[in-house]
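The residues making up each chain are set out below.
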Amino acid sequence: MPFNFAKYAVIMPMALSLAGLPSPTMAQPPARSAFDRAVLAQLDAPTRAAVEQRAVKGNTVTGVVGTMLLNNYYAAGARKPGEALTVVAVDFARGAVVFRRSANVFEMQRFNPQNLHIQR
């Protein structure tokens, strides 16, 4: 086998495999579901930008909104700071979020649907 043929036999498969990789400029953000778009439409511009910035790499819009509500709840003065909470339900129409403290213990809080701040 001549030297030039061996060179092409090794280099060409590597070059072709690298050419098939998607370029970062062609990468598109993941398509949002209708529900995610509806949630984002409720938010004011700064809050929407913060949610969209965090909703990447596997984070969902609803997950980010839930985390922001938890953080705002603790910032507003949680009843029992440090206790583990889970967001069970969010109602934007009523501005209400339900947190679960334990198996059968729930707490409802009001929030501003535009900026996700807990109202006291």
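Everything here concerns the structure above.
To start, this report covers the structure provided alongside it.

Quick notes on the rules
Residues numbered from 1 in each chain as written. Predicted model: local features only at pLDDT ≥ 70, side-chain atom pairs only at ≥ 80, totals over all residues. Heavy atoms only, no water. Pairing = 2+ DSSP bridges. Helix = DSSP H or I, 4+ residues; strand = E, 2+ residues; numbered from the N terminus. Core = buried A, V, L, I, M, F, W, Y, C linked by side-chain atoms within 4.5 Å. Buried < 20%, exposed > 50% of the residue type's maximum accessible area, 1.4 Å probe, protein only. Contact = heavy atoms within 4.5 Å. Polar contact = N/O pair within 3.5 Å; in protein donor to acceptor, adjacent residues only side chain to side chain.

So, on to the pairing of strand β3 (residues 105-110). Alignment of strand β2 (residues 96-102) against β3, held across six bridges, turns out to be antiparallel. Of the residues in β3, the one forming a bridge with A96 is R110. Hairpin connection of β2 to β3: two residues between the antiparallel strands.

Turning to the nonpolar core, a few remarks are in order. Here is a general trend for soluble globular proteins: nonpolar side chains tend to be buried in one another's company. The biggest cluster of nonpolar side chains holds 20 residues, and the ones touching the most others in it are V51, V61, V65, L69, F92, F111 and L116. With seven residues, the single largest contributor to this core is helix α4 (residues 61-77). Dropping the residues within four chain positions of it, V51 is found in contact with L40, L43, V61, V64, V65 and M68.

Note that Y73 resides in helix α4. Taking C-alpha positions, Y73 is 8.9 Å from Q119, a pair spaced 46 residues apart along the chain. Dropping the residues within four chain positions of it, Y73 is found in contact with A78, R79, L85, F99, R101, E107, Q109, I118 and R120. Within polar-contact distance, the side chain of Y73 engages the side chain of R101 at 2.9 Å.

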